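One-letter residues, chain by chain:
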Amino acid sequence: MIMRSSRPMTILVATASVAALCAPLAAQAQAAPGRDAAQDRDTAAARAANPEIVVTGVVRKTRKLDTTFTIDTLSQDDIKRLAPISTADLLNNIPGFFAEGSTAGERSNNVTVRGLPSSGYRYAPQLIDGLPVYQDSDVPFANNDVFFSTDLMTDRVEVVKGGPGGVLYSNGLGAIVNYVTKTGGDRFEGGYKLELATYDFIRNDVYLAGPINKNLHFAVGGFYRTSGGLRDTGYTADKGGQVRGNITYKSDDEKTTFGLYVSHLNDRTAVYNNLPIEVPGFSSPGTAQNPIVIDQSTVKPIGINFQNGTLLSPATRYITQIDDSGRVTTADLADGIHPDFTTITAKFSKELDSGWRFDVDANYTSGTSGFNAMFAGNDAATAASFLNNRWIGDVLQPAFDANFQASEGHPNNASFYNRNILATYFNALSPADFDAQYRTPLINAGFSNFEQLRAQYGANQNIAGPGGSLGAFYARNGQPIAAGSNLSFQIPWIVRSRLSSAAQNLKVQKEFSLWGKHNLTLGAYHSTNSDDYNFQQSLVITTLASPVELVDLYMVNAAGSKVGPALSLNGSYLPGFAGNAASGDAENAALFIQDHWETLGGRLRIDAGFRWETEKLNVRFQTRQCCTSFLPGGAETGNRAYTQVQTLGAPQYLDERYYGHGWSVGANYSLMRNLAVYALASQSFRLPSFNDGVAFAQSAPMGNPVEHIDQYEGGVRFQSRIFDFSATGFYNKFTPRTLINIYQDINAPVCTGGGTVATTATITSCPNVYQPYSYGTTNYGTELELVVRPPFIPGFDIKANVVLQNPKVNGSSYTIVNQVGNSYQYGTVSQDGRREGRQATTTLNIQPRWDMKPLTGLPVKLYGQYEYRSARYSNSQDLNVTIYPSYYIVNAGALIDLTDKLSIQFHVANLTNQLSFTEGDPLFFDLKAPNGQGNRGVARPLFGRTGRFTLNYRF
C-alpha cells in the first residue's frame, strides 16, 4: 500500500467509532464517582504547581524545562496509552530513536539513535534507577532489553541523548535510557492489570506499595504472561514473568536514605525474523546512483503471509544438531529468548551537616540467557529446482571432487555417499566399475569436465541419472512432498549464555557559591562483567507454506522410492553447520566530575563535566571449523549429515587494556519562566565491548578501537496553557573506529571445486579472512516536539514530534563475497558519503488525545497514534543497493473509567493492517523467485492488526 496524506484522518474516524461504542455507558458513568478534571487534564496550571522533574543526566533533581541537554520522558500514563509490546516499541516513541517497529518480537530488537549504526542497544544502554542493567550494552545474543521488562513497578522512563549521559554513565555514547522504579510512600496504594489480546495473549500485572512505619516503606510487584505469539507459531510462543520489590528507608531529617531492590526475571519469548518475498523481476544490480526501489504494492509473499506468518511452527519447533563430541542433540525453538536473571541493587545517600553529600549505588546481576531463533535463507525455489541443485552440488559434484574429498579426510568419500547407489544410477556393475568408468576419468580429466557427465547421463531428465534422483519428504511423517511445493534453506541459531555483572557508583557532592551557586559532583565508577556462551548453527530445509515443515532429502529410484540413506537428519541438512564459542570478562574503572552552576539570578544554568575510564578486557574465542565425521559406530557409509560437522577449533585470545575520555559543556538560559534556550557541545566515547573482543581475538585491530562521537546541539523550549513547543538542532560525527570484516577466502585450495566455489555446503569449508576497516557516520538534523490544547475543545490535545536528519557513512570500504548463480566472487563495499542503512531521513509521530469528561461528562478518553518512517536502504549496501519503502502505522484506542478505581482500555495496533518492512536484505539481480519471473529476497514485515483489552484497578 502507498501512504497517502489523508491517512491521519483515520485516527479521528477510529476514535469517533470507539466513542460511539462507548456511548451506552454515559448514563452510568455520569452517576458513578469520577476523578476531578484537574487530575485528568495536563494543564499549564497543574504543571506550574508540579513541574516535570527529571533525575537522569543531572546531579540533582531538575525541571525538564531547565536542562542543558535534550531529555525525553514517558510517564506511567504514557506507557498505558501507548500499549507497547516491547521495550523497543516503547522507545520508538522517543524522537531520534528508531527501533524497527519491534518486529523481532518482545525482545532482542535493534535500536538506533540519531543516525548511529544499528547494533542492538550498543549506543543506547538501558539503566534501572541510574545503574546499568548489564555493564556491557553490546552482549552477543543478549541485547540490553533481555535483562528486564517494564511493568506496573515502572514509574517513568527518562532518556538523555548525548551530553552529560557520556559523563555520568558508562557507555553513554548515543543515549541513556533510565527506568525509574516505584517506591513506597506514606499511604498504601496498589494496582492490578489484566491484559488480553487477539493472539492468545494473557498478562497479569500487580503491584502494592506503602509504609512499614514512618521511616520504612516497601513496594512489590511484577507480571506473568503467556501468548500464542504475535505471529502464528502454533504453540505457546511467549511464557514467563518478573517479580521485583524494594524496601526504602528515610531518616526523620531526610538526610539519610537507603534502598534495597531485588528483581527476578524468567521469561521466554519467540524471535521473528525475515520472511521470503517476491518482487517484479529486474536484470541488473542496484547501484548507489540507480538503486533497486521496492514498491510495496508489488511485493508478494512466497508461501508465508506477511501479517502473521512465520518460519516457526510445531513441525519446525525441534531442531536436530550434532555437538563437538558427536552427540545428537535437540534444540527447542519454543524456548526462544530465555533470560533467567536475578538483580540486586543497593542505594545509600547521606548528607552531612557540613553540606557534603555522599551517594553510593551498587548492583549485581547474574543468570543465564538462551537465544533459539530461525533465520531465513534466501534460497526459495521449486522442489524440482531445489532438488536438482542439491543433487548436482551435494551428491555428484563432491563425488568427483578430489580436493573436496581430501579436505574431509575421506579419500573414497564412502561415508558421504553410498557408492553402490551411485554405481546403480550410472549403470555401473560395482563401485570399482563406477570408479573406473566415471569417477576416476573425470577427476583425471579435470573438474571442468563434470558437465560431460550430466550431458551423457542426465540428458532430458532435469535431475541427473537414468536410475533416479533426490526426493523430498516431510521429516515429520516421511511422506513425499508434492512436486509443486517450494523449498528453502533456513538457519537455526542456538545459543546458551551465562552472564554476570556488578557495578558500583560513588558520588560526592558539595554546594558552594562563586559568582552564583555551584553543585559540584566528584564521582568514581567500577564494574566487572563476565560472559560465557556457546553458539551453534544448523542448516535445515523447510517448505515455504503455512505451517512450515521440516524436509528430509533421500536418494530415490525412478519410481520415487527411497533407495539410500538420507542426506539430512530430521530435517537438518547440516546439523553442525557453523558457530563459535567465547568466554571472557571485563573490568572497568572511571573517574568523573560534573559541575552544575546557576548564575544571573538563577536564569543561566551551566553544566560542565569530564569522564576518564579504563577497561581491562580478556576474551577466549573458538570458531567452529569444517569438518569432522561422527558416523555412528565408526561406520564408513551412512547419513552425510554426520560427516560435515563443524567443531570448535583451537582457542584464540585477547588480553588488552583500553582508555577513553570525554567531556560535556551545556548551558540553559531562561528568557522567561516558561521559555528557555539551550546549547550543548560534547565528546563522548565507548570502550570496546565483549563483541569487539571476540573480533579482535581473531585478528589484531589496526587503528583506535575506542569509539568517539562529537555532538553539538541547541534548541528552544516553551510551555503555555495552549501549547508546549521544543525544537532542537543537532550535529554529530561518529569517529571511524576499527571493525573486523570477516569473509571467506574462496580462492583457498581447500574450498575451490576446480576453481569455483559452487555450493553452500562447499563454501563453509573456506577459511575466514579477517580484514580491519573503519566505519564512521556523520549526521545533522532537527527534532521538533509540539503539544497543542485548543481551548475550544475541553480535554483535547494533540502531541506531535517530527525528526528530520541526514545520516551518512564516513570512511567505509571492505570486501564481501557475492553469490552469482551457482558460484561466488569477490566484491567491494564502499559506502563512504552514502546514507546509512536502516536509517530513515524523516519520522513523524502524531498522538491526538481527548478526555471527553470535561465536555460531555463521559468518563472516556479517546486516543490515536500515527507513526511514519521514510524509505530506508537495506542494511548491506554493495552492488545490489536496495531501498525499502516508507511506511506508516495507525494505532487507536479508548480508556473508560468505570469507577474512580476501575477502568478498562481497548487498543488496536496497526489499525489499517499496513503491510511493509522495517528492514530487509539487499535484493540480488540473479536470484529469481520460484516462478522464474520475479526476483526473490528476504525482509522483516510489520505485524498485522491486533486488538487488546485491558482491565485496570488502582487504589
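Residues numbered from 1 in each chain as written. Predicted model: local features only at pLDDT ≥ 70, side-chain atom pairs only at ≥ 80, totals over all residues. Heavy atoms only, no water.

1. Observations concerning the confidence of the model for the protein
Next up, step 1: Taken as a whole, the protein shows an average pLDDT of 85; of its residues, 84% reach a score of 70 or greater.
Next up, step 2: Note on residues 1-49: pLDDT under 50 across the span, and 64 contacts to partners over four residues away in sequence or across chains.
Next up, step 3: The model gives residues 456-467 a pLDDT under 50, and that stretch makes 29 contacts with residues more than four places away or in other chains. (pLDDT = per-residue confidence, 0-100. Contact = heavy atoms within 4.5 Å.)

2. Concerning the sheet that holds strand β3 (residues 71-75)
Next up, step 1: On the basis of which strands lie adjacent, the open sheet formed by five strands has the order β3-β8-β9-β6-β7 and mixed pairing. At either end of the open sheet lies a strand with only one pairing partner, and these are β3 and β7 (131-132).
Next up, step 2: Relative to β7, strand β6 (residues 126-128) runs antiparallel, the two sharing two bridges. Paired with L127 across the bridge in β7 is P132. (Pairing = 2+ DSSP bridges. Helix = DSSP H or I, 4+ residues; strand = E, 2+ residues; numbered from the N terminus.)

3. Concerning helix α13 (residues 690-698)
Next up, step 1: Across the nine residues that make up α13, a large majority, eight, are buried.
Next up, step 2: Buried within α13 we find F690, D692, G693, V694, A695, F696, A697 and Q698.
Next up, step 3: Two or three places before N691, at the start of α13, stands the capping residue S689, its side-chain oxygen 3.2 Å from that residue's backbone nitrogen. (Buried < 20%, exposed > 50% of the residue type's maximum accessible area, 1.4 Å probe, protein only. Polar contact = N/O pair within 3.5 Å; in protein donor to acceptor, adjacent residues only side chain to side chain.)

4. With respect to the state of the cysteines
Next up, step 1: Evaluation of the coordinates by the stated rule reveals one disulfide.
Next up, step 2: Sulfur-sulfur distance for the disulfide between C626 and C627 comes to 1.6 Å. Its S-S torsion of approximately -75° makes the covalent link between C626 and C627 left-handed. (Disulfide = S-S within 2.5 Å.)

5. Considerations on the sheet that holds strand β17 (residues 300-301)
Next up, step 1: As summarised here, the arrangement of the four strands in space is β17-β15-β47-β46, forming an open sheet in which the pairing is antiparallel. The open sheet has two free edges, formed respectively by β17 and β46 (917-920), since each of these has just one partner strand.
Next up, step 2: Pairing geometry for β46 and strand β47 (residues 935-941), over three bridges, is antiparallel. Residue pairing in the sheet places E919 in a bridge with R940 of β47.

6. Some words on the nonpolar core
Next up, step 1: Counting 51 residues, the largest nonpolar core has F97, F147, V157 and Y533 as its most contacted members.
Next up, step 2: Per element, the largest residue contribution to this core is five residues, and it comes from α13.
Next up, step 3: Non-local contacts of Y533, meaning those with residues more than four positions away in its chain, are made with P140, F141, V495, R496, S497, N580, A581, A582, F621, F690 and V694.
Next up, step 4: Counting 28 residues, the second largest nonpolar core, distinct from the first, contains I85, M374, L550 and F943. (Core = buried A, V, L, I, M, F, W, Y, C linked by side-chain atoms within 4.5 Å.)

7. Here's the deal with the pattern of salt bridges
Next up, step 1: Evaluated as defined, the whole model comprises 43 salt bridges.
Next up, step 2: Between R114 and E713 there is a salt bridge, with the nearest N and O atoms lying 3.1 Å from each other. Separated by 599 residues along the polypeptide, R114 in the loop between β5 (112-113) and β6 and E713 in strand β33 (residues 707-719) bring together distant segments of the chain.
Next up, step 3: Exposure remark for R114: the relative accessible area of 3% places this residue in the buried category.
Next up, step 4: Residue D151 is joined to R244 by a salt bridge in which the shortest nitrogen-to-oxygen separation is 2.7 Å. Of this pair, D151 sits in the loop between β7 and β8 (154-161) while R244 sits in strand β13 (residues 238-250), and the two are 93 residues apart along the sequence. The two residues D151 and R244 agree in class, both being buried.
Next up, step 5: Connected via shared salt-bridge partners are D72, R114, K161, E713 and E783. (Salt bridge = Lys/Arg side-chain N within 4 Å of Asp/Glu carboxyl O.)

8. Regarding the side chain of D531
Next up, step 1: Within the element layout of this structure, D531 appears in strand β25 (residues 517-543).
Next up, step 2: Here D531 is buried and forms no salt bridge, its nearest opposite-charge partner R498 lying at an N-O distance of 9.3 Å.
Next up, step 3: Once you skip the residues sitting within four places of it in the chain, D531 turns out to touch Y134, V139, P140, S497, R498, L499, A582, S583, G584 and F690. (Lys, Arg positive; Asp, Glu negative; His and termini not counted.)

9. A short note on unusual backbone geometry
Next up, step 1: Here the bond from S546 into P547 is cis, since omega is -5°, no more than 30 degrees from zero.
Next up, step 2: Position of P547 among the secondary structure elements: in the loop between β25 and β26 (551-557).
Next up, step 3: Put simply, C626 and C627 share a cis peptide bond, and its omega is -5°.
Next up, step 4: Here C627 lies in strand β29 (residues 604-628).
Next up, step 5: Positioned with a positive phi, A83 is a non-glycine residue whose angle comes to about 50°.
Next up, step 6: The topology assignment puts A83 in the loop between α5 (76-82) and α6 (87-91).
Next up, step 7: The phi angle at E254 is positive, at roughly 60°, despite the residue not being glycine.
Next up, step 8: The residue E254 is located in the loop between β13 and β14 (256-268) in this model.

10. So, the pairing of strand β28 (residues 572-599)
Next up, step 1: With 21 of its 28 residues buried, β28 lies for the most part within the structure.
Next up, step 2: As judged from the 23 bridges shared by β25 and β28, these two strands associate in the antiparallel manner. Residue pairing for β28: L539 is matched across the bridge by L574.
Next up, step 3: Where β28 and β29 come together, 20 bridges link them in antiparallel fashion. Its bridge partner lying in β29, S583 is registered against R620.
Next up, step 4: Connecting β28 to the next strand, β29, in antiparallel fashion are four residues, including L600 with a positive phi near 55°.

11. Let's talk about the packing of aromatic side chains
Next up, step 1: On inspection of all chains with the given rule, the structure shows 27 aromatic pairs.
Next up, step 2: For the pair Y123 and F734, a centre-to-centre distance of 5.6 Å together with 70° between the ring planes defines the contact as edge-to-face. Pair noted here: Y123 is in the loop between β5 and β6 and F734 is in strand β34 (residues 723-744), with a separation of 611 residues, a long-range link. You'll find Y123 and F734 in the same group, each marked buried.
Next up, step 3: An aromatic cluster is present here, built from F141, F371, F375, W493, Y533, F535 and F690 joined pairwise through their rings.
Next up, step 4: The residue whose ring lies beneath R114 is F730, and the NZ or CZ to ring-centre distance is 4.5 Å.
Next up, step 5: One cation-aromatic arrangement involves R317 over Y235; the distance from NZ or CZ to the ring centre is 5.2 Å. (Phe/Tyr/Trp six-rings, centres within 6.5 Å; stacked < 30°, edge-to-face > 60°. Lys NZ or Arg CZ within 6 Å of the ring centre and 35° of its normal.)

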